[in-house]
Every structure is written in structure tokens, then in C-alpha cells.
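# Fold and geometry: a report
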Amino acid sequence: MLMAGNFCRLANFPWPQPAANHRGARRGSCSPWRFPSDGRPSEPWAFRCLRIARPSAISQGRSVSCRASEITADPGQDRLMKVPIANIRNFCIIAHIDHGKSTLADKLLQLTGTIQKREMKEQFLDNMDLERERGITIKLQAARMRYVLESEPYCLNLIDTPGHVDFSYEVSRSLAACEGALLVVDASQGVEAQTLANVYLALENNLEIIPVLNKIDLPGAEPDRVSRDIEEIIGLDCSDAIHCSAKEGIGITDILNAIITRIPPPKDTAGSPLRALIFDSYYDPYKGVIVYFRIVDGTIKKGDRIYFMASGKDYVADEIGVLSPNQLPVNELYSGEVGYISASIRSVADARVGDTITHFRRRAESSLPGYEEARSMVFCGLFPVDADQFPELRDALEKLQLNDAALKFEPESSSAMGFGFRCGFLGLLHMEIVQERLEREYNLTLITTAPSVVYRVNCINGDTIDCSNPTLLPEPGKRSKIEEPFVKIEMLTPKEYIGSLMELGQERRGEFKQMNFITENRASIIYELPLAEMVGDFFDQLKSRSKGYASMEYTFVGYRESELVKLDIHINGEPVEPLATIVHKDKAYAVGRALTQKLKELIPRQMFKLPIQACIGSKVIASESLSAIRKDVLSKCYGGDITRKKKLLKKQAEGKKRMKAIGKVEVPQEAFMAVLRLEKEVI
């Protein structure tokens, strides 16, 4: 009887005559033969595999021998073959959101045979459902490809980068790990703000840039116009720009040939002390932190003791390998190669993006330049709707922080919403992603407070306090000035919408810097404005006023002194801390008026008159009052003297006064949630 893993000779194989008990054999038998009702055994699965794999040998009646492991041989082993350093190319793809970066990466993987057709799916390198739904790259990936040009094998390392401004530091570290970049521009939309930002980052890292005009198959594509725009705006020569359609597979071979011929190879510094740049890391529940790196100098072997120069930690490299795009272990990597390392690292904070890896005993003299600590720019409070979910929220944030070192959080309590966390994020998109992942992956229902920024408070005694929560702001008598973060924002827009976007910049306390017509029909408008004015609905307003045609890019420029005040909300004379905000003096009245009017609609009426006030210190700047629920005490007085009626009304008024003095108002949670939504709109 044939077994699955044994050698088999199938030519001229005599059919076995089934015994009587074969027809009634019990189900679940592990025999590879199946006997139908006619008594003749059907074709075994091993024969079918060989007939498909080696049809010529079987058809000619020759003897064929194989192992099952040969049938399922790993197709990625050829990518582990070493090539000279001169045949290595490290490149990345930079593009604005929705210009076809992930689709182009898919086609490169498919054409080079890195991914088999049966394994292929759209946005292959985007692993999270959130990335696929939004069409953006959140977590960068790397892939090693093997490509043969003129009988010479080449190793191509693709580093896929996020496209959003919130992750600009990760993009800069990915660019530092490359020698070249594909600049992908939509042939119908043209140059956008994020395209410019990433190109400038690439030029700072002295990368060879290859312009690629994507989506040329669209009816509205204008590759000639877009080529002129790139030459005028960026200054790149587009005479040899590649026209392609990643969706249709047009021009993909030209891109691969250009990567090999135009991007320089890495320098051969294998004999120098090890220096490797970390460009990404993530937490694996079984192996610990997996670090993605590019070796700049030296070599690394499995079992080496390594040292992280920024964090000061040392570990033993249990496993090293390459990403193709799945992890393939190897024994050694040398300068110019991109790979991963597993060393039982327990925290992502020990292997931060931008850190330098070197040998513990033979350390490099200096680390690679460009390392920075992640800095939180936007803060908000996260509270569970159900107070019993607080432990689950804490565990979920701790697990997310294992993969995201930029996420900061600390416990916070609120009289209105109970226990929660004050969280710091890189930007608004980062905040949305974390919130959505908490709700999806951990089944939590959350209340999110209005996003705020970190204010710098200079006290009279010389101390400087970073304040992200209005309740922690020192008293007016103890502080000398308050500084707020400013950003430089560049808006690219068609000339028809220049006026409306300049009006938006002025409304948000922006300081106009310059305006340039980058082409005949498109202009660049640069403003410097407070980050607090941008964390609300600025982007929505930008798209609304330009009918979706404008795009923006911003960078942090520093802290500046501003006339900021703390706006408190008092209900029945008692301050409600969760509704306190820090606003500019000129906007305080408008914000206070909007909040008091909204609270008047939402708070239920009480048995006594209820004042709702917006205050700056002890000064009331906006006020609304909620009338009391009155019992008609005069209903039984159908006649008689007026003094009787006055006596009853006076008695009622005294009761209301006493009730107001000792009564407490409970603001319903729905009112808080509605006011938080309002704060996001008006602040």
C-alpha cells in the first residue's frame, strides 16, 4: 500500500484487486486509495499531484520518483541567494494619499514572482482592515525581490512608507534607509501637498528620484501637463519620466529596469563596525519585538550580541532574516541589506525607530544621524461609556503601546465621565486610528473629549509647565505667560479658491507668509497658525471651501506667546471641570455663548431657577438661565383678598431659594457628549 511520504513508482503500476472487506471498509481510513462501488480503486492523491507536476514523464511511461516535500517546495528560497553589493538596490515609493502607491507595490511583487498569483490580493502590504478601508498605509512594510536583467540577478529591497503627515518621522527614517525613490504622481490629479513634502525629505537624504506618472489609463489623465508641473514645482527633469498604470500593469517592467540602471548601489563597508538603522518595529506575542533594519556598515550574524545605542540596551540576536514580504530566516546579513531581527525584546521603547544597532563588544564610534524621540502633538481624553470597562480599556491601551511607541497615556478622572485616560498622539489621524482600533479590536465603546494641544506655561517663580489639560492650568496670579504651538501650513489650491482659503486662514488666527503661483492655474499659500486652530475641523473646511481640490501639509515651527485664557462653565454657581477649555481671548465670548446655549437645551429643568454661566476667572462673559418647574399654588384661590395670593407666592419663593442653596444639579452624560461634539466644532 502506498503512503503519502514514501517514494512511489507509478509507471505500469498493477491495479490491486480489492478484498471483500474493501467494499465495506470503515469510514475515516487513512489509505490513499478510494474504492467506489464498481470495486476498482480510484486515483490516489499522490498520483494526481505527480500527473499535474510531471505530465510528460507519466505520459511517456517513464519511472518517476518524488517526495511530497518537493511538491510543496518554498518558492522564496531563490530570494535568499546572495548577490554582490553592487547588485543591491534599496528604494521606496513616495506619493500623496490615493495616488496608487500600494497598487504599484502589488504589481512589483507580482511581476518579480515574490508573491504567487494564488496568494495575491489588493494592497498586499497593507495588513490592517483599517488600511484597506481608508486606502492609506499606516504601518510601513518591507519586501525583498529578486529580478534578473540581462542574465544578471539583482536584489531589490522595497520599503513601503506611510503617506500621511502624522507619520513624517517614520517616513524620514525609511528614506534614510534607501538610495533611491519612486515619485508616484497621479496623471489626472497632479502634484499634491504631501507629494511635495515627501520629495523635499527625499532630497534632504540625497536620494535618486525617479518620476512615475501613474493612472495613465484614466480618461482624464494629462501626463504632459503633470510632467510640466513636476518640472516647474519640484525642479525634476521629467523628460525620461515613466508612464504607467499600476492597475492595468502598463510600464511595470520599465520601472524595474529604471530602478536597476538609475538608482546607485549601497557602499561596500562590510569590514567596518556594525551600524544598522531601525526603520520600524512591532510586537509579536511569541517572539517579542521584531525590529526592521537596514545595515549601513558591517555585518551581523545569528547569535551576535547587539547593542542599541540610543536606548542603551543589549540583546542576543536569536534570529535574523529577510522580509520577502514574509519573514525568511538567514544566518548572516551584510552592509546594504534590509532585514529583521528577533532578540526577545520585551518593549518597543527599547528599539525605537531611528535608533542605531551595533555590536556589543565592537561598537561603532558614532550612531547614525537623525534619531528623535516621538513627540505627542495632540491630546484627548478617552473614557469608557460603561464604567465597568475601565480595566479592559487599560489593558487595550497597554497592548496597543507594545506596537506603537508614539502612543502616550496616563490615568484621568472626571466627575462627569468617571475614570479614563489622557492620551497623547502624533496627530489627528493617529488619534482616529487608535480610537477605531480600540473599538474594533477590543470591543470597547468610548467617549472622546475634544482634542487639545500642549501649552507651555511660564510661572512667576521661573518654572515652566507643559499643560495639556485645562484643569492643570495654574491660577492667573501664578503664571506670567502662556505659549502655544504654532505650525507652518502650506495649502495647494486651484486659483479659483484662493480667496476662500485665505479667509479660512485669517479666521483661524493665521499669519500670512507668502503666496506663489506654482503653475498657471495652481497656487501655494503659506500661513503660520496655532496648532489648536487646526486640530478641529480645519481640514474639513479646507476641502469644503475648495470643493475637494485643495490639499495641505504642515510642519511644527515652535512655541509662541498668545493671549490665552481658561474658560470655565459654572452651573448653579459650581464649576464643571470636564467642560473647562483653554481658548484665545478674542474667541472666548463666542465659545462661551455657544456652550451655555447648548447646555440650556440639554440640561433638564429643576425645581429652582438654574443659572448657566461661562466665566473667565470671576468675570461672567456669557450666561443663560433655566426657569424653574413651578407648581400653580394659586389654583385653589378662586377669590378673596390679594394678600392671600401674595402670601402663598412668598412661601413658594422661600422654598425655591432654600432648595437652590442646598440643591445639586446632575448633568446627564448625553449633555456632556453633545457639548464635547460642540467643542470640536467651535474651538
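Residues numbered from 1 in each chain as written. Predicted model: local features only at pLDDT ≥ 70, side-chain atom pairs only at ≥ 80, totals over all residues. Heavy atoms only, no water.

What follows is about the overall build of the protein. Counting its regular elements, the protein contains 18 helices and 31 strands. For the protein, buried positions account for 51% of its 683 residues. Across the protein, contacts joining residues at least 24 apart in sequence account for 69% of those joining residues at least 6 apart. Accessible surface for the protein amounts to roughly 33500 Å². Of this, 49% is attributable to carbon and sulfur atoms. (Helix = DSSP H or I, 4+ residues; strand = E, 2+ residues; numbered from the N terminus. Buried < 20%, exposed > 50% of the residue type's maximum accessible area, 1.4 Å probe, protein only. Contact = heavy atoms within 4.5 Å. Areas by Shrake-Rupley, 256 points an atom, 1.4 Å probe, with all protein chains shown as cover.)

Take the confidence of the model for the protein next. On average, the protein scores 77 in pLDDT, and the residues at 70 or more come to 77%. Low confidence marks residues 1-76, where pLDDT is under 50. Its contacts with residues over four positions away, or in another chain, come to 66 contacts. (pLDDT = per-residue confidence, 0-100.)

Right, let's get into a negative patch on the surface. A cluster of like negative charges, contributed by Asp386, Asp388, Glu392, Asp395 and Glu398, occupies part of the molecular surface. On the secondary structure map, Glu398 appears in helix α11 (residues 390-403). (Patch = residues over 30% accessible without salt bridge, like charges linked within 9 Å, V, L, I, M, F, W, Y side chains within 5 Å. Salt bridge = Lys/Arg side-chain N within 4 Å of Asp/Glu carboxyl O. Lys, Arg positive; Asp, Glu negative; His and termini not counted. Charge placed at Lys NZ, Arg CZ, Asp CG, Glu CD.)

Time to look at the pairing of strand β2 (residues 141-149). Judged by how many residues are buried, β2 sits mostly within the fold: eight of nine residues are covered. For β2 and strand β3 (residues 152-160), the ladder comprises nine bridges, and the chain directions are antiparallel. Paired with Val148 across the two strands is Pro153, which belongs to β3. From the end of β2 to the start of β3, which pair antiparallel, there are two residues, and Glu150 there has a positive phi angle of about 55 degrees. (Pairing = 2+ DSSP bridges.)

Bringing the nonpolar core into the picture now. Where a protein is soluble and globular, its nonpolar side chains tend to be buried together. Ranked by internal contacts, the top residues of the largest apolar core, which has 45 residues, are Leu438, Ile489, Met491, Met534, Phe538 and Met552. The element contributing the most residues to this core is α11, with five residues. Sequence-distant contacts of Met552, that is, excluding residues within four places in its chain, are made with Ala193, Ile489, Glu490, Met491, Met534, Phe538, Phe539 and Leu542. (Core = buried A, V, L, I, M, F, W, Y, C linked by side-chain atoms within 4.5 Å.)

Before going further, it helps to spend a moment on the environment of Val316. Take Val316: it is sitting in strand β11 (residues 314-316). Along the backbone, Val316 and Asp304 are 12 residues apart, and their C-alpha atoms lie at a distance of 5.8 Å. With residues near it in sequence (within four places) discarded, Val316 still touches Gly303, Asp304, Arg305, Ser342 and Ala343.

This brings us to the packing of aromatic side chains. Tallying each qualifying case throughout the model produces nine aromatic pairs. Judged by centre distance (5.1 Å) and plane angle (5 degrees), the ring pair of Phe390 and Phe421 falls under stacked. Placement of Phe390 in helix α11 and of Phe421 in strand β19 (residues 418-425) is noted, with a sequence separation of 31 residues between them. Classification of Phe390 by relative accessible area gives buried; the value is 18%. Relative accessible area serves as the criterion here: at 2%, Phe421 is assigned to the buried category. (Phe/Tyr/Trp six-rings, centres within 6.5 Å; stacked < 30°, edge-to-face > 60°.)

With a phi angle near 65 degrees, Ser151 is a residue other than glycine that sits in the positive phi range. Relative to the elements of secondary structure, Ser151 occurs in the loop between β2 and β3. The phi torsion at Ser344 lies on the positive side, around 55 degrees, for a residue other than glycine. If you trace the backbone, Ser344 turns up in strand β15 (residues 338-345). Classification of Ser344 as partly exposed rests on a relative accessible area of 46%.

What follows deals with the environment of Gln606. Among the secondary structure elements, Gln606 is positioned in the loop between α16 (588-602) and β30 (610-616). Along the chain, Gln606 and Ser627 lie 21 residues apart, while their C-alpha atoms are 7.9 Å from each other.

It is worth spelling out the sheet that holds strand β17 (residues 378-384) at this point. Ordered by their spatial adjacency, four strands build an open sheet running β18-β19-β17-β20, and the pairing between neighbours is antiparallel. Single-partner strands in this sheet number two, and they are β18 (408-414) and β20 (446-448). Adjacent strand axes in the sheet meet at a mean angle of 30 degrees, parallel and antiparallel pairs treated alike. One ladder, built from seven bridges, connects β18 with β19; its direction is antiparallel. Note that in β19 the partner of Ser413 across the bridge is Phe419. The strands touched by α11 within the sheet are β17, β18, β19 and β20, with β19 carrying the most contacts at an inclination of about 15 degrees. (Axes fitted to C-alpha atoms, helices over the stretch in contact; angles between N-to-C directions.)

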